[in-house]
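# Per-entry structural report
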Amino acid sequence: MSPAARHALIERLPKAELHLHIEGSLEPEMLFALAERNGVEIPFASAEAVRAAYDFSNLQDFLDIYYQGMSVLVTEQDFFDLTIAYLRRAHADNVRHVEIFFDPQGHTERGIAFATVIGGIARALDEGQARLGITHRLIMCFLRHLSEEAAQATLDEAGPFLDRIDGVGLDSSEVGHPPSKFARVFASAHDLGLHVTAHAGEEGPPEYVHQALHQLHVERIDHGNRALEDADLVHHLARDQITLTVCPLSNLRLCVIDRMEHSPVKAMLEHGLKATINSDDPAYFGGYVNDNFRAVADALDLSAAQIVELCENSFSGSFLPEAEKARLIAELHVAAGAA
Ligand code: HPA
Ligand code: ZN
């Protein structure tokens, strides 16, 4: 398949995005505009200078800048503007459904009210559904470098907003903060009827993927790259058809892989794993979901059938009801068949 034909296919296919940190969609231009609007000092002279600082050698390098960037988000309107900008961009990539992460602790720690954060995000998600036809789920992540008690307090604080929160996730600095640290909080979230997912195996060992499955009882694994190091784990993930939300450009920019040719996506598909393609933090890693598809499909010479499979996995691995998954997958196959 020629690169041009491959790119046309990627652009034409409907898809879902299941691994997107809304704070990671803060483009340098908006970061700058919001800093000015809110009178927040940032140590950069221009949007270009911000972009030039996005040179990371590992996850922590990125996280330091990511948390700093968030400081410009202050009002409900800021969270609305951030989220609607992402939804418009996703719409251009033929994204039909999004499952968005947000990091409440990154905001409440700075004195921003939970209601301000969720109010702006939820209002934009509603507008995205009404105006762009994009359906959504919202996933609240716990910052794993903070304590179990802080995570539980965040879950308690979310109580009044659970009509807008569909699931919980686990993100931030992985190594040294195993999933087991949050087993009790995830059990509480599960009891509240929330979906559960966790970042595991991005930098952390296969053991963390194992713990996410068996101690947090996750429905999906976010990233999951290092699961491939453990044959038993691969067998388990394939048998139970656990969705993996892989983020190729993120992996490259955070040096999880040294070249796109080393992305685990093709190997995962060949092992029968349910891999999906996602942008993670698109403003920081150089691209939105179709940029990720193009980069990984070109580097790994993915077939048309594999590209369609990745899109199908994004719907089947979502938290949508089965009937809605089936409707979107049928639409996908119609689009895939069109010349
Ligand atoms: N990994 C962990 N935490 C994160 C990420 C990520 O890729 N993006 C935003 N928070
Ligand atoms: Zn992530």
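Notes on the structure follow. (Residues numbered from 1 in each chain as written. Chains lettered and ligands numbered in written order. Predicted model: local features only at pLDDT ≥ 70, side-chain atom pairs only at ≥ 80, totals over all residues. Heavy atoms only, no water.)

## With respect to the overall build of the protein
Per the secondary structure count, the protein includes 17 helices and eight strands. Against the 2.2 N^0.38 benchmark of 20 Å for 339 residues, the protein shows a C-alpha radius of gyration of 19 Å, consistent with a compact globule. For the protein, the C-alpha atoms occupy an extent of roughly 50 × 40 × 40 Å along the three principal directions. Each of the 339 residues in the protein was classed as buried or not, and the buried ones make up 56%. Counted over contacts in the protein with a minimum sequence separation of 6, partners at least 24 positions apart contribute 77%. When the accessible surface of the protein is totalled, it reaches about 12500 Å², and 52% of it is carbon and sulfur. (Helix = DSSP H or I, 4+ residues; strand = E, 2+ residues; numbered from the N terminus. Rg over C-alpha atoms; globule rule 2.2 N^0.38 Å. Buried < 20%, exposed > 50% of the residue type's maximum accessible area, 1.4 Å probe, protein only. Contact = heavy atoms within 4.5 Å. Areas by Shrake-Rupley, 256 points an atom, 1.4 Å probe, with all protein chains shown as cover.)

## Describing the pairing of strand β5 (residues 195-200)
Most of β5 sits out of view: five of its six residues are buried. Note that strand β4 (residues 167-171) and β5 share two bridges and pair parallel. Of the residues in β5, the one forming a bridge with Val 168 is Val 196. Two strands pair when backbone bridges link them, and β5 and strand β6 (residues 220-223) are joined in this way by four bridges, in the parallel orientation. Looking across to β6, one finds that Ala 198 is bridged to Ile 221. (Pairing = 2+ DSSP bridges.)

## What to know about the coordination of the zinc ion (ligand 2)
Distances from the zinc ion (ligand 2) to its protein donors, namely His 19 (NE2), His 21 (NE2), His 199 (NE2) and Asp 280 (OD), fall within the range 2.0 to 2.2 Å. Classification of the site at the zinc ion (ligand 2) as irregular follows from its four donor atoms and the range of 82 to 174° in their angles at the metal. In the primary sequence, the donor residues of the zinc ion (ligand 2) line up as H-x1-H-x177-H-x80-D. Taken together, the residues His 19 in strand β1 (residues 15-21) and Asp 280 in the loop between β8 (274-277) and α14 (282-285) connect sequence positions 261 residues apart. The residues His 19 and Asp 280 share a single accessibility class, namely buried. (Donors = N, O, S within 2.8 Å, 3.2 Å for Na, K, Ca; no water. Tetrahedral: all angles 85-135°; square planar, octahedral: opposite > 155°, others 65-115°.)

## Looking at the site of ligand 1
For ligand 1, the full set of nearby residues is His 21, Leu 59, Phe 62, Leu 63, Tyr 66, Asp 171, Ser 172, His 199, Glu 202, His 223, Asp 280 and Asp 281. At a separation of 2.7 Å, an oxygen atom of ligand 1 approaches a polar side-chain atom of Asp 280. Residue Asp 281 places a side-chain N or O atom 2.7 Å away from a nitrogen atom belonging to ligand 1. Against a free-state accessible area of 260 Å², the protein chains account for coverage of 100% of ligand 1. Most atoms of ligand 1, that is more than half of them, are within 2 Å of grid points of the largest cavity. Top element by residues in the shell around ligand 1 is helix α4 (residues 59-70). It accounts for four residues. (Near = heavy atom within 4 Å. Polar contact = N/O pair within 3.5 Å; in protein donor to acceptor, adjacent residues only side chain to side chain. 1 Å grid on protein atoms, 1.4 Å probe; cavity = no way out; pocket = protein on both sides within 12 Å on 5 of 7 lines; lining within 4 Å. Sits in = over half its atoms within 2 Å of the grid points.)

## Describing helix α2 (residues 28-38)
For α2, every residue scored as buried is listed here: Pro 28, Leu 31, Leu 34 and Ala 35. The buried residues of α2 occupy one face: seen down the axis, they fall within an arc of 125°. The elements touched by buried residues of α2 are α3 (47-52), α4, α5 (76-92) and α14. Just downstream of α2 lies Gly 39, where phi reads positive at about 65°. (Arc of directions from axis to C-beta.)

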